[in-house]
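Report on the structure
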Amino acid sequence: MSIIGSYLRLAPVEIARALEVPGWAREFKAEQAAQERRRGPAELRFHDTGKAWAGLAHLYARHGLPTEVVHGGDALPGDEDWGYGPPALLTPERVADAARVLAAVPFAALVDGLDPADLAAAGVYPVGLWSRDPFAFEYLAAHHAGLLRHLTRTARYRHGSLVWYS
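All figures in this text were calculated on a predicted structure; none of them were measured in a lab. (Residues numbered from 1 in each chain as written. Predicted model: local features only at pLDDT ≥ 70, side-chain atom pairs only at ≥ 80, totals over all residues. Heavy atoms only, no water.)

A separate point is the side chain of Glu14. With respect to the helices and strands, Glu14 occurs in helix H1 (residues 12-20). The exposure class of Glu14 is buried, given its relative accessible area of 13%. Polar contacts involving the side chain of Glu14 include one to the main-chain amide nitrogen of Ala11, which spans 2.7 Å. (Helix = DSSP H or I, 4+ residues; strand = E, 2+ residues; numbered from the N terminus. Buried < 20%, exposed > 50% of the residue type's maximum accessible area, 1.4 Å probe, protein only. Polar contact = N/O pair within 3.5 Å; in protein donor to acceptor, adjacent residues only side chain to side chain.)

Here's what the structure looks like:
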């Protein structure tokens, strides 16, 4: 079974509700998932990093970039396990900062001097991907670009994001 990193964009009023009412965010996630297919690209609320989340966190940490954008900020108080723990909240300010910082670093700089085997040697999840896939960095590049799009869109709306693993 794979561990997938997921994101849900939340408006400030939705963040306040999620902080005040335990369990509300899970219900909201289900409602939003049902509507996601009908949204245009600029309106999308969900994003996932697939199995690339740990590789992205490794690359970001290597360069002193914000890894909380991958792992989430503070755990949502009073909320239950969504697969691998409760969801974590990235505030609108953290999202905006992360989008700005990550946009300033080209992906080529993140992997400069690295080989996918280095990620396998470091035990970065999923180890098998880095050791046998010749397109491992292309996979990471695509997920980095997708995450940056999500963060940029979220920041443009001045929204925050929930982050969880399932």
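Now that the structure has been shown, we can carry on.
Given 3.6 residues per helical turn, the α-helix brings residues three or four places apart onto the same face. Counting buried positions along helix H3 (residues 53-62) gives seven out of ten residues, so the element sits mostly inside the fold. Buried residues of H3: Trp53, Ala54, Gly55, Leu56, Ala57, Leu59 and Tyr60, and no others. Phi turns positive, to about 70°, at Gly64, one or two residues after H3.

Between H3 and helix H9 (residues 136-156), whose axes approach to 10 Å, the crossing angle comes to 80°. For the element pair H3 / H9, the angle class is roughly perpendicular. For the pair formed by H3 and H9, the contact residues are Gly55, Leu56, Leu59 and Tyr60 on the first element and Leu140, His143, His144 and Leu147 on the second. When the residues that make up the contact of H3 with H9 are grouped by side-chain class, the tally is five nonpolar, three polar and no charged. (Axes fitted to C-alpha atoms, helices over the stretch in contact; angles between N-to-C directions. Parallel < 35°, antiparallel > 145°, perpendicular 65-115°, else oblique. Contact = heavy atoms within 4.5 Å. Nonpolar A, V, L, I, M, F, W, Y, C, P; charged D, E, K, R; others polar.)

Before going further, it helps to spend a moment on the sheet that holds strand S3 (residues 74-75). Remark on secondary structure: sheet strands pair via backbone hydrogen bonds, oriented parallel or antiparallel. Taken together, five strands build an open sheet; the order of strands is S2-S1-S5-S4-S3 and the sheet is antiparallel. Bordering the open sheet on either side are strand S2 (46-50) and S3, each of which pairs with just one other strand. In the sheet, strand S1 (residues 5-10) pairs with S2 via four bridges, with the strands oriented antiparallel. Looking at the pairing, Gly5 lines up with Gly50 of S2. Contacting S1, S2 and strand S5 (160-165), helix H2 (residues 24-35) crosses the sheet at an angle of about 90° to S1. Its contacts with the sheet put helix H5 (residues 92-103) on S3, strand S4 (88-90) and S5, and the angle it makes with S4 is roughly 65°. (Pairing = 2+ DSSP bridges.)

All of the buried residues along H1 are Glu14, Ile15 and Ala18. Angular distribution of buried residues about the axis of H1 spans 105°; they occupy a single face of the element. Turned more than 90 degrees away from the buried face of H1 sit Val13 and Glu20, all of them exposed. Buried-residue contacts for H1 involve S1, H2, S4, H5 and S5. (Arc of directions from axis to C-beta.)

With that settled, consider the pairing of S5. Counting buried positions over the six residues of S5 gives six, a clear majority of the element. Here S5 shows a buried face lined by Gly160, Leu162 and Trp164 and a second buried face lined by Ser161, Val163 and Tyr165. Sheet topology note: the S1/S5 ladder contains six bridges and is antiparallel. For Arg9, the partnering residue across the bridge sits in S5 and is Ser161. Pairing geometry for S4 and S5, over three bridges, is antiparallel. Bridge pairing in S5 links Ala88 to Val163.

Turning to its location among the elements, Arg9 is positioned in strand S1. Of the side chains with opposite charge, Glu14 lies nearest to the buried Arg9, which makes no salt bridge, at 6.5 Å. Other than its neighbours up to four places away in sequence, Arg9 contacts Glu14, Ala42, Glu43, Leu44, Arg45, His150, Thr154, Tyr157, His159, Gly160 and Ser161. (Lys, Arg positive; Asp, Glu negative; His and termini not counted. Salt bridge = Lys/Arg side-chain N within 4 Å of Asp/Glu carboxyl O.)

The next subject is the nonpolar core. The biggest cluster of nonpolar side chains holds 34 residues, and the ones touching the most others in it are Tyr60, Val69, Val70, Trp130, Leu140 and Leu151. Those residues within four positions of Leu140 in sequence are excluded, and the remaining contacts are Ala52, Gly55, Leu56, Leu59, Phe107, Leu119 and Trp130. In terms of nonpolar packing, the next biggest core, distinct from the first, is built from twelve residues, Ile15, Phe28, Leu89 and Leu162 among them. (Core = buried A, V, L, I, M, F, W, Y, C linked by side-chain atoms within 4.5 Å.)

These figures come from the coordinates and say nothing about function on their own.
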